[in-house]
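# Fold and geometry: a report
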Amino acid sequence: MFGDNLERIVAAIEKNYEADEIFFTKPGLRFPSRTAVKDIIKGLRRVVFPGYFGEEMLSPNTSPRYFIGEILIHIERMLREQIILALTYTDDSCDNVDAGRCGECAPRHITDRAAEVCTAFFDELPRVQQVLLTDVEALYEGDPAAGSKEEVIFSYPGLYAIYVYRLAHILYEMDVPIIPRIMTELAHSGTGIDIGAGAKIGEYFFIDHGTGVVIGETTEIGDHVKIYQGVTLGALSTRGGQRLNGVKRHPTIEDNVTIYSNASVLGGETVIGEGSVIAGSTFVTFSVPPHSRVSVKEQEITVRQPGEKD
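This write-up is about the structure you can find in this document. (Residues numbered from 1 in each chain as written. Predicted model: local features only at pLDDT ≥ 70, side-chain atom pairs only at ≥ 80, totals over all residues. Heavy atoms only, no water.)

This paragraph deals with the nonpolar core. Membership of the largest hydrophobic core comes to 78 residues, with the highest contact counts inside it found for Ile-83, Tyr-163, Leu-171 and Ile-259. Contributing elements (two or more residues each) for this core: helix H2 (34-48), helix H3 (65-90), helix H4 (108-142), helix H5 (149-155), helix H6 (157-173), helix H7 (179-191) and strand E3 (206-207). The dominant element in this core, judged by the number of residues it contributes, is H4, at 12 residues. In contact with Ile-259, other than residues within four places in its own chain, are Lys-226, Ile-227, Tyr-228, Val-231, Leu-233, Ile-253, Val-265 and Ile-278. (Core = buried A, V, L, I, M, F, W, Y, C linked by side-chain atoms within 4.5 Å. Buried < 20%, exposed > 50% of the residue type's maximum accessible area, 1.4 Å probe, protein only. Helix = DSSP H or I, 4+ residues; strand = E, 2+ residues; numbered from the N terminus. Contact = heavy atoms within 4.5 Å.)

See the structure below:
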């Protein structure tokens, strides 16, 4: 019975806690909260797309200033606390700091850095909102099934994944640890779309259907790029492990490229030239010049009718 074995099981797990391979956390320090990060994403979504994801009733004839200001004040406080936790946890000088009360106990250089990051992050928010509106336009114009731009904003998983990526990318560029990964993994788990926070993605970005899309951390994507479900923009090999950290290992996709479903484009030196089309189910590990058409040659499909012999 379980009760008879409990003491033995507890003792064995407790013993495992002594292994560095299992117990990575630092005593007295806390990770950022996934729940808090999720709430930040949800709150900013209300600001970026007002009226879609909250109870507010806004119209062009009403001033949204109070609504925007109130939410941003609340989110800034939450984000700053999570940044302090992340910076404290990864700062070697903070091994003995009790970060449980966050800003009350964190060193001055960390609280100052968190405030600096938050200021820069919110300064970028109007620009990110403008870029996201181009993404809405790309999704609406590129998908004949889209009933309206409102439908795209409210229900398309591709737009949600792009939205979260664009927020996470700001923090990634400012070297905020842990939080950008939490953000993109939350989007990944909800949409099946995995976009590395370090990727550089231009305007009018289109992801259709989206399930199974992977965009690696060092990918560079230009403007007006379309990709479909199952596309991988990945590395040729990750056998180098941490030695590859910071090395460009994912492809560059130039402007006006379309990559159809289940295609894989791999390698840090691989460049897909402007205006090219990559056919579905292709495996590309080499650069192609602008306006190329890449497809699988001599792919044969056989249809056998009932009663016919092989």
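The next point concerns H2. Each turn of an α-helix holds 3.6 residues, which means side chains three or four residues apart point in the same direction. An ideal rise of 1.5 Å per residue puts 21 Å on 15 residues; H2 measures up with 21 Å between its terminal C-alpha atoms. Considered for burial, the residues of H2 that qualify are Ala-36, Val-37, Ile-40, Ile-41, Gly-43, Leu-44, Arg-45, Val-47 and Val-48. Residues of H2 that are buried sit in contact with H3, H4, H5, H6 and H7. Taking the backbone nitrogen of Thr-35 as reference, a side-chain oxygen 3.2 Å away marks Ser-33 as the first, capping residue of H2. (Expected span 1.5 Å × (residues − 1). Polar contact = N/O pair within 3.5 Å; in protein donor to acceptor, adjacent residues only side chain to side chain.)

One pass over the full model with this rule turns up 9 salt bridges. With its nearest N and O atoms 2.9 Å apart, the salt bridge here joins Glu-116 to Arg-113. With Glu-116 and Arg-113 both in helix H4 and 3 residues apart, the pair spans about one turn of that helix. Using a relative accessible area of 49% as the deciding quantity, one classes Glu-116 as partly exposed. The class for Arg-113 is partly exposed, based on a relative accessible area of 26%. (Salt bridge = Lys/Arg side-chain N within 4 Å of Asp/Glu carboxyl O.)

Moving on: the sheet that holds strand E13 (residues 283-284). Read across the open sheet, the 5 strands follow the order E1-E4-E7-E10-E13; overall the sheet is parallel. A strand with exactly one partner marks an edge of an open sheet, and here the two such strands are strand E1 (194-195) and E13. When strand E4 (residues 214-215) meets strand E7 (residues 232-234), the two strands line up parallel, connected through 2 bridges. Within the sheet, the bridge partner assigned to Val-214 lies in E7 and is Thr-232. (Pairing = 2+ DSSP bridges.)

Right, let's get into the packing of H2 against H7. Between H2 and H7, whose axes approach to 10 Å, the crossing angle comes to 70°. Here H2 lies roughly perpendicular to H7, going by the angle between them. Every residue of H7 that contacts H2 at Arg-34, Val-37, Lys-38 and Ile-41 is listed here: Ile-179, Ile-182, Met-183 and Leu-186. In the contact of H2 with H7, the residues fall into 6 nonpolar, no polar and 2 charged. (Axes fitted to C-alpha atoms, helices over the stretch in contact; angles between N-to-C directions. Parallel < 35°, antiparallel > 145°, perpendicular 65-115°, else oblique. Nonpolar A, V, L, I, M, F, W, Y, C, P; charged D, E, K, R; others polar.)

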